[in-house]
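# A look at the structure
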Amino acid sequence: MQLIVAVDKNWGIGYNNDLLVSIPGDKKNFRMLTTGKTLIMGRKTLESFPEGRPLKDRVNIVVTRKKNYDGHGAIVVNSPEEAVAKARELSAEDDIFVIGGGEIYAQLLDQCDTAVITKINYEYTADTFFPNLDKDESWECVDESEEMTCFSMEYFFCTYKKKK
C-alpha cells in the first residue's frame, strides 16, 4: 500500500481543512499516479474536493464515523481497517493509495510501504501535519526528482520506502 501527500518545510499538510497550496505540477503528478487506482481517504478529504464528489477514474473509499453518510458514489466504510480490507478486496496492494487527511495518514502509515511526498520549500501556517519521514529511521528516501518551480515556489518529489 502507498500513500501520497504534499508537505511544507515543517511537514505541514493542511490548514482549515484545505491544502496549504495548489501546485499544478503536483496535481498532475497526483493524477498520473492515482488514476485507475483505489484511494482511501477520510470524510473531510472527500468533502474538500469540488462539490464533495469522489475523484473520477478511481475507486474512492471514504472513512467516516457518520452512519448513513452519502459518499456520492464513493464506497463508505466506518473504520480505517474496514477501508483497507475493502481496498485489498478490490485492488492489488501496489494499486492502493492513502490520500489523507491527517487522521487517516496517522492510522494507516504503518501499513504503507511506499510514500510519495511532494516537498515544498516553503513554510506555511498549518494545523495538520504529516510525520517527518526524514527523522524516522524505518523510512528512507530512495528517489528524488530535480527541483521544480511554480512561480517563485520550489518543490520536488521524493519517494520513500519502508526499510525491511
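For every chain, the first residue of the written sequence is number 1, and numbering continues from 1 along that sequence. For this predicted model, a pLDDT threshold of at least 70 governs which residues receive local features, and a threshold of 80 or more governs which side-chain atom pairs are given and counted, while totals over whole chains, interfaces and linings are taken from all residues. Values reported for side chains reflect all heavy atoms of the structure, with hydrogen atoms and water molecules removed beforehand.

## Let's talk about the environment of leucine 133
The cut-off we apply is this: Only DSSP runs of H or I covering at least 4 residues are called helices, and only runs of E covering at least 2 are called strands; the numbering of each starts at the N terminus. Classification of residues uses two cut-offs on accessible area relative to the type maximum, computed with a 1.4 Å probe and protein chains only: under 20% is buried, over 50% is exposed, and between them is partly exposed. Contact criterion: two residues are considered in contact whenever any of their non-hydrogen atoms come within 4.5 Å of each other.
For leucine 133, the location among the structural elements is in the loop between β9 (128-129) and β10 (139-144). By relative accessible area, which is 1% here, leucine 133 ends up buried. Considered as a pair, leucine 133 and leucine 33 are 100 residues apart in the sequence and their alpha carbons are 20 Å apart. Setting aside chain neighbours within four positions, we find leucine 133 in contact with Trp11, Leu109, Ala115, Ile117, Trp139 and Tyr160.

## Points about the pattern of salt bridges
Using the following cut-off: Salt bridges are defined by distance alone: a side-chain nitrogen of Lys or Arg within 4 Å of a carboxyl oxygen of Asp or Glu.
Using the criterion set out here, one finds six salt bridges in the structure. Between aspartate 95 and lysine 37 there is a salt bridge, with its nearest N and O atoms 3.7 Å apart. Of this pair, aspartate 95 sits in the loop between α3 (80-90) and β7 (96-100) while lysine 37 sits in the loop between α1 (24-34) and β4 (38-42), placing them 58 residues apart in sequence. The class for aspartate 95 is partly exposed, based on a relative accessible area of 28%. We classify lysine 37 as partly exposed; its relative accessible area is 22%. The salt bridge partner of glutamate 89 is lysine 86, with a shortest N-O separation of 3.1 Å. Residue glutamate 89 and its partner lysine 86 are both found in helix α3; the two are separated by three residues, about one turn of the helix.

## Brief notes about α1
Selection criterion: Arc, as used here, means the arc of the directions from the helix axis to the C-beta atoms.
Within the span of α1, buried status applies to Asp26, Asn29 and Thr34. Burial along α1 is one-sided: seen end-on, the buried residues are contained in an arc of 110°. Turned more than 90 degrees off the buried face of α1, the exposed positions are Pro24, Lys28 and Met32. In this fold, the buried residues of α1 make contact with β1 (2-7), β4, β7, β8 (114-120) and β12 (153-162). The first or second residue beyond α1 is glycine 36, which carries a positive phi of 85°.

## With respect to the sheet that holds β9
The test is simple: Any two strands with at least two DSSP-identified bridges between them are counted as paired.
With respect to topology, three strands assemble into an open sheet ordered β3-β2-β9, the strand pairing being antiparallel. Each edge of the sheet is formed by a strand with only one pairing partner; in this case those strands are β3 (18-19) and β9. Two strands pair when backbone bridges link them, and strand β2 (residues 12-15) and β9 are joined in this way by two bridges, in the antiparallel orientation. Paired with glycine 12 across the bridge in β9 is phenylalanine 129.

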